[in-house]
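Below, each chain spelled out in residue letters.
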Amino acid sequence: LDLTTVEAFCDQVWGQGFEEPTFVGDFDLVEARLIGAEQNHLKMRVRIDGQEYDALHFFCKDLPQGDRITLAYKVSVNEFRGNRAVNLMVVAKS
């Protein structure tokens, strides 16, 4: 999941009848906290193969337990203050 690969992946056309792929992986949980005005979004920092990523799970108030987590996610590129990074948009976790 390097930035160049994810950027190329995100440039593809996804839509009705050709949905964006969802990936599954086991990650080390580095950090987890609730964010948003109603504290109803889960923001995590996760690690796999020595690489760390931000992961966001919208409308999830359940903080994960333990130091390992399995995520089903879609990839995106987040740009903030001129920096671009791979971001994981979580659709399910266990």
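Residues numbered from 1 in each chain as written. Predicted model: local features only at pLDDT ≥ 70, side-chain atom pairs only at ≥ 80, totals over all residues. Heavy atoms only, no water.

Caption draft 1: How the structure looks around the pattern of salt bridges. This structure, assessed with the given rule, holds seven salt bridges. Note that glutamate 31 and arginine 33 form a salt bridge whose closest N and O atoms lie 3.8 Å from each other. The class for glutamate 31 is partly exposed, based on a relative accessible area of 43%. Given a relative accessible area of 40%, arginine 33 falls into the partly exposed group. For arginine 45, the salt bridge is made with glutamate 52, and the minimal N-O distance between the two is 3.1 Å. With relative accessibility at 26%, the residue arginine 45 sits in the partly exposed group. Three or more residues are tied together by salt bridges with common partners; here these are Arg45, Arg47, Glu52 and Asp54. (Salt bridge = Lys/Arg side-chain N within 4 Å of Asp/Glu carboxyl O. Buried < 20%, exposed > 50% of the residue type's maximum accessible area, 1.4 Å probe, protein only.)

Caption draft 2: Fine view of the sheet that holds strand 2 (residues 41-48). Here five strands make up a closed barrel; going around it, the order is 1-2-3-5-4 and the pairing mixed. Taking each pair of neighbouring strands and ignoring which way they run, the sheet shows an average axis angle of 45°. Summarising the sheet, strand 1 (residues 23-35) and strand 4 (residues 68-80) pair through six bridges and their orientation is antiparallel. In the sheet register, glycine 25 faces strand 4, and the bridge partner there is leucine 71. Each of strand 1, strand 4 and strand 5 (83-93) touches helix 1 (residues 3-10); the most contacted strand, strand 4, lies at about 80° to it. (Pairing = 2+ DSSP bridges. Helix = DSSP H or I, 4+ residues; strand = E, 2+ residues; numbered from the N terminus. Axes fitted to C-alpha atoms, helices over the stretch in contact; angles between N-to-C directions. Contact = heavy atoms within 4.5 Å.)

Caption draft 3: Highlighting the packing of aromatic side chains. All chains considered together, the criterion is met by three aromatic pairs. An angle of 75° between the planes, with centres 5.6 Å apart, marks the rings of phenylalanine 27 and tyrosine 73 as edge-to-face. Note that phenylalanine 27 is positioned in strand 1 and tyrosine 73 in strand 4, a separation of 46 residues in sequence. With respect to burial, phenylalanine 27 and tyrosine 73 carry one shared label: buried. Three or more aromatic residues joined by ring pairs form one cluster here, namely Phe23, Phe27 and Tyr73. (Phe/Tyr/Trp six-rings, centres within 6.5 Å; stacked < 30°, edge-to-face > 60°.)

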